Amino acid sequence: MRILVTGGTGYIGSHTCVQLLEQGDEVVIVDNLSNSKESVVSAIEKITGKRPVFYRADILDREALDTIFYTHKIDAVIHFAGLKAVGESVAKPLEYYHNNITGTLTLLDVMREHGCFKIVFSSSATVYGTPASVPIREDFPTGGTTNPYGTTKLYLERILSDLYVSDKRWSVVLLRYFNPIGAHESCLIGDNPNGIPNNLMPYVTRVAKGTLPKLCIYGNDYPTHDGTGVRDFIHVEDLAAGHIAVVNKMADSGVKVYNLGTGVGYSVLDLVQAFERSTGIKIPYEITDRRPGDIAECWSDPAKAERELGWRAKHTLEEMCRSAWNFEKAN
Ligand code: NAD
Ligand code: UD1
């Protein structure tokens with residue numbers, strides 16, 4: 001298949017491009033490099049021995065998309081491109097709604113014009129808001145998002161579902177990711193946020209490296225086994241493999257929703273301890289106030305993806321920690 005990967009030089013997109021190329025698919029990447037570097041294209045080539053076609057372009061740029069669809073007969077789109085910083089989205093809602101929603105509307109319109117009706121969309125566990133219980137199943141209610149970033153995911157899920165209602169030629173897969181961490185074993189691609197990281201794992205690896213003095217753990221008074229927040233950390237390679245399973249089984253028509261998680265919840269302290277065990281490095285930390293908008297527990301029931309796609313996450317928390325650390329050291 002020839003697959004257009006929007007946001008393909010980003011963290012999850014790059015790992016997915018590697019696996020697509022490894023199984024023999026043709027990959028065309030479109031990315032405006034707002035949160036990634038062109039050197040990732042060469043890294044993907046180094047890992048796979050195949051160079052994906054790369055367009056530095058914005059998904060808001062209709063003409064650029066039109067040229068891409070005209071030049072390449074695209075069979076399906078995996079749509080990663082989007083802005084994803086929760087705090088920044090609160091400060092810049094218009095930028096987030098414009099980039100993520102208008103960008104996706106533009107993409108969908110161009111796809112339709114060119115007769116391409118298959119799309120896999122990067123959604124997030126954030127669409128469940130504060131779940132009534134865990135583990136979270138796909139049929140749990142969505143809504144109650146606490147920031148514009150999360151709301152873009154919620155709205156886009158709705159828009160994509162409406163599209164199918166209007167025209168049964170569409171095949172839409174909504175993938176709700178839990179917490180991806182870790183990096184490719186080559187250490188050539190991984191999560192490399194600019195500035196001070198917001199997410200837990202890149203913060204931990206920078207403390208390990210000595211770039212940051214200590215980790216602040218946001219609250220130890222949650223109703224969890226040790227009081228710290230519980231999440232479903234998933235190796236980015238497993239997450240990428242989930243996309244491969246989806247693409248290989250994609251129906252001709254319909255809307256499907258899958259959680260991509262491990263089905264196991266680990267606390268912030270569990271992760272710190274697993275990191276220490278697997279790397280031998282001590283992580284100094286301090287307990288601080290809760291972070292606004294955080295929930296106590298968020299972890300998946302991934303049974304539907306296993307049942308319908310034959311996919312399940314394989315890597316242990318220690319493996320995730322080790323690969324994240326190896327990537328940090330190498331970069
Ligand atoms: P990322 O920032 O590393 O990758 C996104 C890529 O999209 C970047 O390379 C960026 O340059 C590009 N991009 C952004 N806006 C664009 C535009 N208008 N036109 C073209 N390119 C554009 O993020 P990621 O972690 O790889 O996430 C990929 C997707 O998965 C995002 O949609 C994100 O919201 C979603 N997601 C991520 C997580 C996570 O924890 N990383 C969790 C849930 C959902
Ligand atoms: C966050 C976003 C989510 C987004 C995801 C990926 C919120 C509320 N949710 O998920 O929408 O899809 O990132 O971008 O922001 N923690 C610390 N210290 C730190 C960093 C984090 O204790 O320095 C804790 C958090 O309180 C949380 C856990 O670690 O309990 C995981 O945090 P994080 O990695 O930011 O992910 P989420 O908040 O789950």
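Residues numbered from 1 in each chain as written. Chains lettered and ligands numbered in written order. Predicted model: local features only at pLDDT ≥ 70, side-chain atom pairs only at ≥ 80, totals over all residues. Heavy atoms only, no water.

Caption draft 1: Region of the structure containing the overall build of the protein chain. Per the secondary structure count, the protein chain includes 11 helices and 14 strands. Relative to the 2.2 N^0.38 estimate, which gives 20 Å for 331 residues, the radius of gyration of the protein chain is 19 Å and therefore close to what a compact globule would have. Each principal axis of the C-alpha atoms in the protein chain carries an extent, and together these give about 55 × 45 × 40 Å. Here the protein chain holds 331 residues, and the buried ones make up 54% of them. Looking at the protein chain alone, contacts between residues at least 24 apart form 81% of all its contacts between residues at least 6 apart. For the protein chain, the exposed area adds up to about 14,500 Å²; of that, 49% sits on carbon and sulfur atoms. Taking the average location of the 34 positive side-chain charges in the protein chain and that of its 40 negative ones, the two points are 1 Å from each other. (Helix = DSSP H or I, 4+ residues; strand = E, 2+ residues; numbered from the N terminus. Rg over C-alpha atoms; globule rule 2.2 N^0.38 Å. Buried < 20%, exposed > 50% of the residue type's maximum accessible area, 1.4 Å probe, protein only. Contact = heavy atoms within 4.5 Å. Areas by Shrake-Rupley, 256 points an atom, 1.4 Å probe, with all protein chains shown as cover. Lys, Arg positive; Asp, Glu negative; His and termini not counted. Charge placed at Lys NZ, Arg CZ, Asp CG, Glu CD.)

Caption draft 2: The site of ligand 1, seen in detail. Neighbouring ligand 1 are 26 residues, the closest being D31, N35, S36, K84 and N99. Between ligand 1 and G10, the relevant distance is 3.4 Å, taken from an oxygen atom to a main-chain nitrogen or oxygen of the residue. Here an oxygen atom of ligand 1 sits 2.8 Å away from a polar atom, N or O, in the side chain of K84. Protein contacts shield 95% of the accessible area of ligand 1, which totals 820 Å² for the unbound molecule. Of all the secondary structure elements, the ones that give two or more residues to the shell around ligand 1 are helix 1 (11-22), strand 5 (118-124) and helix 6 (148-166). Top contributing element to the shell around ligand 1 by residue count: strand 5, with three residues. For the shell around ligand 1, the class distribution of residues is 10 nonpolar, 12 polar and four charged. (Near = heavy atom within 4 Å. Polar contact = N/O pair within 3.5 Å; in protein donor to acceptor, adjacent residues only side chain to side chain. Nonpolar A, V, L, I, M, F, W, Y, C, P; charged D, E, K, R; others polar.)

Caption draft 3: Layout of the pairing of strand 6 (residues 171-177). With seven of seven residues buried, strand 6 is to be regarded as a mostly interior element. Here strand 6 shows two buried faces, one formed by S171, V173, L175 and Y177 and the other by V172, L174 and R176. When strand 5 meets strand 6, the two strands line up parallel, connected through seven bridges. Across the sheet, K118 pairs through a bridge with S171, a residue of strand 6. Following the backbone out of strand 5, through helix 6 and into the adjacent parallel strand 6, one traces a crossover that is right-handed. For strand 6 and strand 11 (residues 254-260), the ladder comprises seven bridges, and the chain directions are parallel. The partner of V172 across the bridge, within strand 11, is V255. (Pairing = 2+ DSSP bridges. Right-handed = clockwise from strand over helix to strand, strands pointing away.)

Caption draft 4: Representation of the side chain of H235 within the structure. Structurally, H235 is set in strand 10 (residues 233-235). Only 3.0 Å separates the side chain of H235 from the backbone nitrogen of E237, close enough to count as a polar contact. For H235, the side chain forms a polar contact with the side chain of S323, separated by 3.3 Å. Discounting residues that sit within four places of it in the chain, H235 has contacts with I181, A183, H315, E319, M320 and S323.

Caption draft 5: Region of the structure containing unusual backbone geometry. Cis geometry is adopted by the peptide bond preceding P135, which originates at V134 and carries an omega value of 0°. In this structure, P135 sits in the loop between strand 5 and helix 6. Residues other than glycine seldom take positive phi values, yet L33 does so here, at roughly 60°. Take L33: its relative accessible area is 15%, and that puts it in the buried class.

Caption draft 6: Quick look at the site of ligand 2. The full set close to ligand 2 counts 19 residues, and L200, C216, R231, R291 and D294 are the nearest of them. In the model, a nitrogen atom of ligand 2 is placed 2.7 Å from a nitrogen or oxygen of the C216 main chain. Y218 is positioned such that a nitrogen or oxygen atom in its backbone is 3.0 Å from an oxygen atom of ligand 2. Burial of ligand 2 by the protein chains amounts to 87% of its free accessible area of 740 Å². Elements with a minimum of two residues in the shell around ligand 2: helix 7 (200-209) and strand 8 (215-218). Counting residues per element, the shell around ligand 2 draws most heavily on strand 8, at four residues. Class assignment for the residues of the shell around ligand 2 results in nine nonpolar, seven polar and three charged.

Caption draft 7: Summary view of the state of the cysteines. Evaluation of the coordinates by the stated rule reveals zero disulfides. Between C17, a cysteine without a disulfide, and C116, which holds the nearest cysteine sulfur, the sulfur-to-sulfur distance is 15 Å. Considering cysteine sulfurs only, C321 is the nearest to C216, which forms no disulfide, with 19 Å between them. Look at C216 and you get partly exposed, because its relative accessible area is 25%. (Disulfide = S-S within 2.5 Å.)

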